[in-house]
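Single-letter residue listing:
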Amino acid sequence: MLKQCEGSQAVAEAVALCRPEVICAYPITPQTHIVEGLASLVKSGALSPCEYINVESEFAAMSVAIGASAAGARAYTATASQGILYMAEAVYNASGLGLPIVMTVGNRSIGAPINIWNDHTDSMALRDAGWIQLFAESNQEAVDLHIQAFKLAEELSMPVMVCMDGFILTHAYERVDVPTQEQVDAFLPRYVPRQSVDPDDPVTIGAMVGPEAFMEVRYLAHAKQMEALELIPQMAEEFRRVFGRSSGGLVRPYRCEDAETIVCALGSVNGTIQDVVDEMREAGVKIGSVSLCSFRPFPSAALGKVLGHASRVITIEKSLSVGIGGNVSHNLRMSLPGRDTKVYTVIAGLGGRAVTKASLRRTFEAAIRGTLDPLSFMDLNVKAVERQLEREKAARRTGPAAEAILRDLGPTVGASASTTTHGPAAGAAH
Amino acid sequence: MSIGGFVEGRWAQAIPSFGSERMGAPVVAFCRLHDREIRAREPVTAPDAVVIQDPTLLHQIKVFDGLSPTGYVVINSGRSADELGIGELVKSLPAGHVLTVPATEIALRHVGRPVPNAVLLAALCALTGELKLESVEAAIRHKFKGDVGERNVAAAREAHAMCARGTAAKGAVTHAQAV
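Residues numbered from 1 in each chain as written. Chains lettered and ligands numbered in written order. Predicted model: local features only at pLDDT ≥ 70, side-chain atom pairs only at ≥ 80, totals over all residues.

**What about unusual backbone geometry?**
Residue and element names in this part refer to chain A. Put simply, S48 and P49 share a cis peptide bond, and its omega is 0 degrees. As for its placement among the helices and strands, P49 is situated in the loop between α2 (32-43) and β3 (51-54). Of the consecutive residues G111 and A112, the connecting peptide bond is found in the cis state with omega at 0 degrees. Mapped onto the elements of the fold, A112 is located in the loop between β5 (102-107) and α6 (121-125). Phi is positive for R255, close to 55 degrees, though the residue is something other than glycine. Relative to the assigned elements, R255 resides in the loop between β9 (251-254) and β10 (261-265). (Helix = DSSP H or I, 4+ residues; strand = E, 2+ residues; numbered from the N terminus.)

In structure tokens:
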């Protein structure tokens, strides 16, 4: 049914349509509304049979999901930010054991400094944990990816993370088509576990594995993700047939056919980028963009095909691999073997810094002119950073850096929170 | 507002942004209405209309930055624009584009709690003609079921009628008087 609702509510309804049997979660902003929505669906009996388990931490949430999944139940949880770090050990266990848990990540930064706003640092921290990672561009896609995620996870016996931008999607009211139970049932078969614990037929799950077999088990996870490269587009196609709209897949190119410049990004920022692409196309610039829906597995071949003829590629990245730069661009270079394509890494939107059309356009134009640095930080207040570096050079006991920068910027910044670009190009948003 | 837009068959997007999760902390929310799909998810930095739910913010934060020169302003206050110290703003906008409405008082009377949102939405729609009152009512009933919804609808109707009659304090009127 077509409706105007909050992203979190739409995702809660979509997850419920997938008939999870166990939901265990610990609330954390900006994921909270999703699990609250599911809790009330379980309480009202609308989602039944399903056990909703309140746990005392994220570590417990993932551990309970592992137990439930190992017992043969379809298990779901959701988290964000510090929560995913707190459950990190169990996140690796879920994939190492081959348990098809689906988890929503309401993408949020990682502290310190503490910050509740959106970026991709949390998902990136766990990108090598062996989970499939899908990024939603809109709330419609977040809904659709959850339905695909259960099917994908169960077919491969591998957990799937559906990443959706905190606030920008989780808290946004948008038009969403929430499918019917019949449609979802037609797409997603009943879960038949590849393995499960059963007192009548005892097995061990989680054996100690020595050097003689550990590499093989790890490699198997990689082999399955390579299989997922085939499966994800097939599933998106099947989804289109059942639901009548395109969602998911590995990559989604936008106006790339003859593009000399291609912008690549994960998640909801792609919509803003597409608007800029349209504006620049109107001005005669040959530019396109590509939304990277699957980050793990990384679709090197599919992306390489899209980037093919482009002479420059710009990645807009909401995470910073401190000490080197881009996570996306680092992976993306694998798609461009032997080509002399210029790759520009642009770090943007950390901790909820607004990613604006104006700044994106300035950045793309600088890349085309050849004046953009290979690694740049969009709307970074360079002067504020320089002043802090000066202070640190001048004295030893300069105190905590975050507090010093807040003091330096003055009181209005704290009050204006996430929504303005605090940099020199600031346009107040209130 | 976005639900009201959806009721009228338009594309709508609403995004809140908040920091400190406590009552009384300054928060901001954005809404866009369009005839086609809205893909951009940047904050609104050049609004066509600004609604101020708490007038104590007027002189703390630059709430009118980026406002369109033909934009609209609705402020939750029983005082006039001049009394609120925004006479200059009123002069810079077309006549009748600034409106103050005692939304908290209206809400208290109908709902029994200081929740001015529905009242301000109705006032904004009366001022701009952006949404029909029926759409506002449908949105309120969609969001708040039963008695709470009906009380908010009654409050919204009062505000809408008040603004349509021009008995809320339109800044331009104040301005004309001041001149």
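**Side note on the sheet that holds strand β12 (residues 294-296) of chain A**
Residues and elements named next belong to chain A. Reading across from one edge, β3-β2-β4-β5-β7-β6-β12 is the order of the seven strands in this open sheet, with mixed pairing throughout. In this open sheet, the two strands that pair with only one neighbour each are β3 and β12. Across the sheet, the axes of successive neighbouring strands diverge by a mean angle of 20 degrees, strand direction being ignored. Contacts from helix α7 (residues 139-156) reach β5, β6 (132-135) and β7 (160-165) within the one sheet, and its direction differs from that of β7 by about 170 degrees. (Pairing = 2+ DSSP bridges. Axes fitted to C-alpha atoms, helices over the stretch in contact; angles between N-to-C directions. Contact = placed C-beta atoms within 7 Å.)

**What to know about the interface of chain A and chain B**
Listed as interface residues are 28 residues of chain A and, on the opposing side, 27 residues of chain B. Put simply, the parts of the chain that give the side of chain A that touches chain B at least two residues each are β8 (173-177), α10 (269-282) and α16 (411-416) of chain A. Here the side of chain A that touches chain B takes four residues from α10(A), the largest share from any one element. The residue makeup of the side of chain A that touches chain B, split by class, is ten nonpolar, 14 polar and four charged. (Nonpolar A, V, L, I, M, F, W, Y, C, P; charged D, E, K, R; others polar.)

**A closer look at the confidence of the model for chain A**
With 95% of its residues at a pLDDT of 70 or more, chain A has an overall mean of 94. Predicted confidence for residues 413-430 of chain A stays below pLDDT 50, and this span has 55 contacts to residues more than four positions away or in other chains. (pLDDT = per-residue confidence, 0-100.)

**Quick word on the environment of A:V184**
Residues and elements named next belong to chain A. The topology assignment puts V184 in helix α8 (residues 181-187). Residue classification places V184 among the buried positions, given that 21 C-beta atoms sit within 10 Å. A C-alpha to C-alpha distance of 30 Å links V184 and T272, two positions 88 residues apart in sequence. The contact partners of V184, leaving out residues within four places of it in the chain, are L17, C18, I147 and P179. (Buried ≥ 20, exposed ≤ 12 C-beta atoms within 10 Å, placed from the backbone.)

**Things to note about the pairing of strand β4 (residues 72-76) of chain B**
Residues and elements named next belong to chain B. The buried fraction of β4 amounts to five of the five residues, a majority that puts the element mostly inside the structure. Burial along β4 is two-sided: Y72, V74 and N76 facing one way and V73 and I75 facing the other are all buried. Of the strand pairs in this sheet, strand β3 (residues 49-52) and β4 are connected by four bridges, and their pairing is parallel. Bridge pairing in β4 places V50 opposite V73.

**Some details on the sheet that holds strand β14 (residues 342-347) of chain A**
Residue and element names in this part refer to chain A. If you walk across this open sheet you meet the six strands as β9-β11-β10-β13-β14-β15, and the pairing is mixed. Of all strands in the sheet, those with a lone pairing partner are β9 and β15 (375-377), marking the two edges. Taking the axes of each pair of neighbouring strands and ignoring which way they run, one obtains an average angle of 20 degrees across the sheet. Pairing of β9 with strand β11 (residues 287-292) involves four bridges; the strand directions are antiparallel. Across the sheet, residue Y254 finds its bridge partner in β11, namely S289. The strands touched by helix α11 (residues 300-307) are β9, β10, β11 and β13 (312-317); relative to β9, the strand with the most contacts, the crossing angle is about 5 degrees. Seen against the sheet, helix α13 (residues 357-369) touches β10, β11, β13 and β14 and runs at an angle of roughly 135 degrees to β10.

**Considerations on helix α1 (residues 7-17) of chain A**
All names here are of chain A. For α1, the tally of buried residues reaches eleven of eleven residues, placing the bulk of the element in the interior. Those residues of α1 not exposed but buried are G7, S8, Q9, A10, V11, A12, E13, A14, V15, A16 and L17. Following α1 by one or two positions, R19 adopts a phi angle in the positive range, close to 55 degrees.

**So, the packing of helix α3 (residues 103-110) of chain B against helix α6 (residues 146-165) of chain B**
Residue and element names in this part refer to chain B. Running from amino to carboxyl end, α3 crosses α6 at an angle of 140 degrees, the nearest separation of the two axes being 9 Å. The angle between the axes of α3 and α6 places the two elements in the oblique class. Helix-helix and strand crossings are classified by hand; for α3 and α6 the assignment is right-handed. Residues A103, I106, A107 and H110 of α3 pack against R151, A154, A155, E158 and A159 of α6. Residues of the contact of α3 with α6, tallied by class, amount to six nonpolar, one polar and two charged. (Parallel < 35°, antiparallel > 145°, perpendicular 65-115°, else oblique. Left-handed = near helix turned anticlockwise from the far one by under 90°.)

**Structural notes on the domain arrangement of chain A**
All names here are of chain A. On domain assignment, one finds that chain A holds domain 1 (2-193 + 208-243), domain 2 (251-377) and domain 3 (382-419). Computed from C-alpha coordinates alone, the two centres of domain 1 and domain 2 are separated by 26 Å. Opposite the 27 residues of domain 1 that make contact, domain 2 presents 20 residues. Contributions of two or more residues to the side of domain 1 that touches domain 2 are made by α6, β6, β7 and α9 (214-243). Counting residues per element, the side of domain 1 that touches domain 2 draws most heavily on α9, at five residues. (Domains from an automatic or database assignment.)

**A short note on the confidence of the model for chain B**
Residues and elements named next belong to chain B. Per-residue pLDDT for chain B averages 90, and the proportion of residues at 70 or more is 92%. Low pLDDT, under 50, characterises residues 171-179; the predicted model gives this stretch 19 contacts beyond four residues in sequence or across chains. Both confidence scores are given for the complex: pTM 0.93, ipTM 0.90.

**Looking at helix α5 (residues 88-96) of chain A**
When we look at burial in α5(A), the residues that qualify are A:A90, A:V91, A:A94 and A:S95. Down the axis, α5(A) shows its buried residues gathered within 140 degrees of arc, on one side only. (Arc of directions from axis to C-beta.)

**Some details on the nonpolar core**
A:V162, B:V74, B:V119 and B:A123 are the most contacted members of the largest nonpolar core, which has 172 residues in total. No other element matches helix α4 (residues 117-128) of chain B, which puts ten residues into this core. Residue contributions to this core reach at least three from each of two domains, namely domain 1 (2-193 + 208-243) and domain 2 (251-377) of chain A. (Core = buried A, V, L, I, M, F, W, Y, C linked by C-beta atoms within 7 Å.)

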